[in-house]
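Each chain is listed here by its residues.
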Amino acid sequence: MDCYACRNNEGFDRLPPRERVAADRFWRVAHDFNSSLPGWLVLVPRRHVTSIAELTDDEASTLGLWQVRLSRALRAVTGCVKTYVVQFAEKEGFAHVHFHIVPRMPDLPAERRGPGVFGYLNDTDGRLSEARRDELAVAIRAALGDRPRG
């Protein structure tokens, strides 16, 4: 299977902090691997799903709670004024449903607000290091009051 999320989900117990910020039996939270914006999180179902309509009622019942809890943790860790929650799952290899939970910083330039925030993805010059993403993951996990679960 050529699915980035499923490959990571399969190796759950061996994932570094940045790929395992928090989790429950339905969802896994990771720090985006391709972002230059600290705290850009991705909420991923633990099973392969390509449409929101395919979520089970149990998965759906915790989706909103995760989005709110992550938004609160991001506010505590990054000082963001709000979060953007976005879901497309269209890119080749990334059709697995995933929700971007993106901190909207108070000093975010006007051209980077709303959909412009995607300018922080694929930014090879400013991409956050693995060490920085791990550091953020640990801080966000602490703000959630969680430990990684399987």
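Right, let's walk through the structure included here. All values reported here derive from a predicted model rather than from experimental measurement.

A word on the overall build of the protein
Check the secondary structure of the protein and you find 3 helices and 5 strands. Ordered by position from the N terminus, the helices and strands of the protein form the series α-β-β-β-α-β-β-α. If you line up the protein on its principal axes, its C-alpha atoms span 40 × 35 × 30 Å. A total of 150 residues make up the protein; the buried ones form 49% of that total. Long-range pairs, those at least 24 residues apart, make up 62% of the contacts in the protein with a sequence separation of at least 6. On the protein, roughly 7600 Å² of surface is accessible, and the fraction owed to carbon and sulfur atoms is 50%.

As for the packing of aromatic side chains
Scanning all chains against the criterion turns up 6 aromatic pairs. Considering the side-chain rings of Phe-33 and Phe-94, the 6.1 Å spacing of their centres and the 20° angle between planes classify their relative orientation as stacked. Of the two residues, Phe-33 sits in the loop between strand E2 (27–31) and strand E3 (41–45) while Phe-94 sits in the loop between strand E4 (82–86) and strand E5 (99–104), which places them 61 residues apart along the sequence. Exposure remark for Phe-33: the relative accessible area of 32% places this residue in the partly exposed category. For Phe-94, a relative accessible area of 24% puts it in the partly exposed group.

Looking at the nonpolar core
Core analysis: the biggest nonpolar cluster contains 36 residues, and Trp-27, Val-29, Trp-40, Leu-41, Leu-43, Trp-66 and Leu-70 have the highest contact counts within it. Counting residues per element, the ones that place at least two in this core are helix H1 (4–10), E2, E3, helix H2 (57–78), E4, E5 and helix H3 (130–144). A total of 5 residues in this core trace back to one element, the largest contributor, which is H2. Those residues in contact with Leu-41 that lie beyond four places of it in its chain are Val-21, Val-29, Ala-30, His-31, Asp-32, Leu-70, Leu-74, Phe-99, His-100, Ile-101 and Ile-140.

Concerning the state of the cysteines
By definition, a disulfide links the sulfur atoms of two cysteine residues through a covalent bond. Per the stated rule, a full pass over the model turns up 0 disulfides. We note that Cys-3 lacks a disulfide partner, and the nearest cysteine sulfur, in Cys-6, lies 3.6 Å from it.

Quick notes on the environment of Ser-36
In this fold, Ser-36 is placed in the loop between E2 and E3. Judged by its relative accessible area of 14%, Ser-36 falls in the buried class. For the pair Ser-36 and Asn-122, spaced 86 residues apart in the sequence, the C-alpha separation amounts to 8.0 Å.

Some points on the side chain of His-100
Note that His-100 resides in strand E5. In this structure the side chain of His-100 is engaged in a polar contact, spanning 2.8 Å, whose partner is the side chain of Trp-40. Non-local contacts of His-100, meaning those with residues more than four positions away in its chain, are made with Asp-32, Trp-40, Leu-41, Val-42, Tyr-84, Val-85, Val-86 and Leu-121.

A few points about the sheet that holds E2
If you walk across this open sheet you meet the 5 strands as E1-E2-E3-E5-E4, and the pairing is antiparallel. Whereas interior strands pair on both sides, the edge strands pair on one side only; in this sheet they are strand E1 (22–23) and E4. Where E2 and E3 come together, 5 bridges link them in antiparallel fashion. Along E3, the bridge assignment pairs Arg-28 with Val-44.

Conventions and cut-offs
Residues numbered from 1 in each chain as written. Predicted model: local features only at pLDDT ≥ 70, side-chain atom pairs only at ≥ 80, totals over all residues. Heavy atoms only, no water. Helix = DSSP H or I, 4+ residues; strand = E, 2+ residues; numbered from the N terminus. Buried < 20%, exposed > 50% of the residue type's maximum accessible area, 1.4 Å probe, protein only. Contact = heavy atoms within 4.5 Å. Areas by Shrake-Rupley, 256 points an atom, 1.4 Å probe, with all protein chains shown as cover. Phe/Tyr/Trp six-rings, centres within 6.5 Å; stacked < 30°, edge-to-face > 60°. Core = buried A, V, L, I, M, F, W, Y, C linked by side-chain atoms within 4.5 Å. Disulfide = S-S within 2.5 Å. Polar contact = N/O pair within 3.5 Å; in protein donor to acceptor, adjacent residues only side chain to side chain. Pairing = 2+ DSSP bridges.

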